[in-house]
Amino acid sequence: MIGGVQCAATIRRWRCKRIYLELICSGIYCWHTLRMVASRATLPDLDALDPNELKSLIVAQHKQILAHHEQLQAKDEQLLSRDAEIEHLKLLIAKLRRMQFGSSSEKVGRQIEQLELRLVELEESRSKESLERETSAAERAITRPARRPLPEHLPREVQTYLPKEEACPDCGGKLKRLGEDASEILEYVRERIKVIRQVRPKLACAGCDRIVQAASPSRPIARSVAGPGLLAHVLISKYGDHLPLYRQAQIYAREGVDLDRSTLAEWVGGCSRLLQPLVETLRRHVMSCDKLHADDTPVPVLAPGLGKTKTGRLWTYVRDDRPAGDETPPAVWFCYSPDRKGEHPKEHLSSFSGTLQADGYAGFEQIYETGRIQEAACWAHVRRKFYDLQVAHKSPVAVEAIERIAGLYAIESEIRGRSPDERREIRNLRSRPLLDSLKQWLEETLGKLSRKSDTALAVRYALGRWEALLRYCDNGRLEIDNNAAERSLRVVALGRKNFLFAGSDGGGESAAAMYSLIGTAKLNGLDPESYLRNVLSRIADHPINRIEELLPWNVAAEAAAHSLHAA
C-alpha cells in the first residue's frame, strides 16, 4: 500500500518536471523569436550595400508591408461585419418591441375562442351552400334549431299591408273584412330591438265571395325572422366592430333575446350570398380605371381536419382619384386567396390595364413584364425602412433620408386636389430637382457603407426601384405612395386581433365581400350600417339588371335627391 502511494507521488513529480521543461522550452522559443524580429527590425548599413542587395531589401520590405496591409483589411472587414450584425439585431429588437401589444391571454380561453370561431365559420359556409339548393322540410328539421316564439316583452310595431284593389276585381262589388294573416320579424333599431308585426287583412267580396289580400312582403333571407336592420347590425358588428358571432349572441341574451350562434351564422352566410351580385358590380367599377392601388395582408385560416392554422391572404384594390381632382366615386374591392402565389393578383388584374401603385411584392413582377400594367413604387415604403433604422439606433443617414423625403411630401400636401396637369407641372418643377439630389446623395452614401449593413439595404431598396419611384412625377393622376391601399387594410388588422383567424376559406371569402361594401361606403361618406340596411331592405326585389343602383354613391345620390324634394 505504501509502495503504491510512493509510486503515485513519483508520477506526479515527473509530470511537474515535464510541464516545467515544456515551459522553459516555450520561453526559449519565444526569446529566440523576439530576437529574430528585433534583428529584422534593425536596418543594415545601406551605404555598404550594392544596388542589387538594396533592391532585394526594398522588395522584401514591400512584401511585408503588403502582408501587413492584408491583415489589417481582414480585421477591418471582421469589425464591419460585427457592426452590421449589431445594427441588424438592434433593428429587429426595435421592430419587435413596436409590434408587441397587450397581455397574454389564458391558453385554455384562447383555445375555446378559436373553437367558437371555427364553428361559426362552418355554420356560415353551410348556410351559403344550403341556400343555393332547395332544402327539403325533413332536412331543415334536422339541420336547423327549432324556432322559438319571439319574446313577448319586446315592443311591437304593426305594419298593415292592404291590397291594391278597392273593389272586387271580378264583379266590382264592395269588399268586406274576412280575416287576416299575420307574421312577425325581429328588427333592430339603433340602441333598441323590437318586433314588427306584419298584418295582411283578407278582404272578401260581399257579392261573389272573392277574397283579396296583399302579397306577403319579401324578406332579405327567405323564411328568416331577421329584418334588414338587424342583419345590417350583425354584419357591421362582426366586420366593422370586430365582434365574433358568439359574443354578439351573448349581448342579445342580455337584452332578453335568445339567438343561437348558429342562427346568426346562417344570417351572415345568407347575406353574403345575397350581396354577391352587388360585390361583383363593385369589382367591375374598381377594375375599369387606369390607375389602381394594391396591397395584401396575411389572414390566419384554420386548416380543415388538422386543428392548425394556415396563412391565407386578403388582397385589396382601391380606386380613388379624388386627390387628383377627379369626381369619380372611390371604391375598394377585397378578394381572398388561400396563399400568396403570384397567380392570384394576375387573375384579379386580368381585366385591368394602366398603372399599379403597390409595394415591392415579387408576385407583381410577372404582371409588369407584359407591359399592359406599369409599376409605380411607393415612397412610404422607402421612408419606412429609414424610419426603422432611425428608431433602432439613431442613424444619421436615416435621419437625413427622412428629412429629404419629407420635402417631397410637403409639395404633395400643397397640390392635393389640383388637376393632373397642374400636379405634373409642379412636380417636374419642384420635386424633380429634390429627387435628383436625393439619388446622388444615396449613391455617394452607399459607397461609404458596409454592404451587409441594414442602412445599405435600405439605400439599395430605393435605388433599385428608382425608375418606378419617379413615375409619379410624369403622371399627375398618380400618388407619391400607396397609402390608399394600406388604409383600407386597417379594418382587417383590427379584426385579426379579435378573430384570431378565419374558420375556413369560405369565411375568408365572406369577409372579403363585407369589407368591400363597408370600405366603399366609408370612402363615399356613408354610415356603413345605414347603407347595408338600405340595401338589404331592397335587394331581394331589386332587378338584377339594375343592381348598380344599389352601389354606395348611387344610394347617397338617391337619398340626397329625396331630401331636396322633401324640402
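It should be noted that the structure appears before, not after, this text.
Residues numbered from 1 in each chain as written. Predicted model: local features only at pLDDT ≥ 70, side-chain atom pairs only at ≥ 80, totals over all residues. Heavy atoms only, no water.

Draft legend 1. Inspection of the environment of Leu-408 at higher detail. Positionally, Leu-408 belongs in helix H12 (residues 396–415). For the pair Leu-408 and Leu-435, spaced 27 residues apart in sequence, the C-alpha to C-alpha distance is 8.1 Å. Beyond its immediate chain neighbours, meaning those up to four positions away, Leu-408 contacts Trp-379, Ser-431, Leu-434, Leu-435, Tyr-472 and Ile-480. (Helix = DSSP H or I, 4+ residues; strand = E, 2+ residues; numbered from the N terminus. Contact = heavy atoms within 4.5 Å.)

Draft legend 2. Representation of helix H11 (residues 379–393). Its 15 residues place the ends of H11 22 Å apart at the C-alpha level, agreeing with the 21 Å of an ideal helix rising 1.5 Å per residue. All of the buried residues along H11 are Trp-379, Ala-380, His-381, Val-382, Phe-386, Asp-388, Leu-389, Gln-390, Ala-392 and His-393. The positive-phi residue at the C-terminal boundary of H11 is Lys-394, with phi of around 50°. (Expected span 1.5 Å × (residues − 1). Buried < 20%, exposed > 50% of the residue type's maximum accessible area, 1.4 Å probe, protein only.)

Draft legend 3. How the structure looks around the packing of aromatic side chains. Counted by the stated rule, this structure contains 7 aromatic pairs. On the basis of an interplanar angle of 45° and a centroid distance of 6.4 Å, the ring pair of Phe-364 and Tyr-368 is categorised as tilted. By relative accessible area, Phe-364 is classed as buried at 0%. For Tyr-368, a relative accessible area of 12% gives the class buried. On the basis of an interplanar angle of 85° and a centroid distance of 5.7 Å, the ring pair of Trp-379 and Trp-466 is categorised as edge-to-face. Here the residue Trp-379 occupies a position in helix H11, and Trp-466 occupies one in helix H15 (residues 466–474), the gap between them amounting to 87 residues. (Phe/Tyr/Trp six-rings, centres within 6.5 Å; stacked < 30°, edge-to-face > 60°.)

Draft legend 4. Structural view of the side chain of His-381. Within the fold, His-381 resides in helix H11. Once you skip the residues sitting within four places of it in the chain, His-381 turns out to touch Asp-359, Tyr-461 and Glu-486.

Draft legend 5. Region of the structure containing the environment of Glu-548. Along the polypeptide, Glu-548 turns up in the loop between helix H19 (528–538) and helix H20 (552–566). Sequence separation of Glu-548 and Val-279 is 269 residues, and the distance between their C-alpha atoms is 9.9 Å. In contact with Glu-548, other than residues within four places in its own chain, are Thr-281 and Asn-554.

Draft legend 6. Fine view of the environment of Glu-375. By the secondary structure assignment, Glu-375 is in strand E9 (residues 373–376). Sequence-wise, Glu-375 and Thr-355 are 20 residues apart; in three dimensions their C-alpha atoms are separated by 5.9 Å. Ignoring sequence-local partners within four residues, the contact set of Glu-375 consists of Thr-355, Leu-356, Tyr-368, Arg-465, Ala-468 and Arg-471. Within the structure, Glu-375 has its side chain in polar contact with the side chain of Arg-465 (distance 2.3 Å). (Polar contact = N/O pair within 3.5 Å; in protein donor to acceptor, adjacent residues only side chain to side chain.)

Draft legend 7. Structural detail: the pattern of salt bridges. Taken as a whole and judged by the stated rule, the model has 29 salt bridges. A salt bridge links Arg-477 to Asp-290; the nearest nitrogen and oxygen atoms lie 2.5 Å apart. In this pair, Arg-477 sits in the loop between H15 and helix H16 (483–488) while Asp-290 sits in the loop between helix H8 (276–287) and strand E5 (291–302), placing the two residues 187 residues apart along the sequence. In this structure, Arg-340 engages Asp-296 in a salt bridge whose closest nitrogen and oxygen atoms are separated by 2.9 Å. Of this pair, Arg-340 sits in the loop between strand E7 (331–337) and helix H9 (343–348) while Asp-296 sits in strand E5, and the two are 44 residues apart along the sequence. Through salt bridges with shared partners, a single ionic network connects Asp-290, Lys-291, Asp-321 and Arg-477. (Salt bridge = Lys/Arg side-chain N within 4 Å of Asp/Glu carboxyl O.)

Draft legend 8. Geometry of the pairing of E5. With 10 of its 12 residues buried, E5 lies for the most part within the structure. Pairing of E5 with strand E8 (residues 354–357) involves 3 bridges; the strand directions are parallel. Across the sheet, residue Leu-292 finds its bridge partner in E8, namely Leu-356. Bridge count for E5 against strand E6 (residues 309–319) is 10 bridges, and the pairing is antiparallel. Directly across from Ala-294, in E6, lies its bridge partner Tyr-317. (Pairing = 2+ DSSP bridges.)

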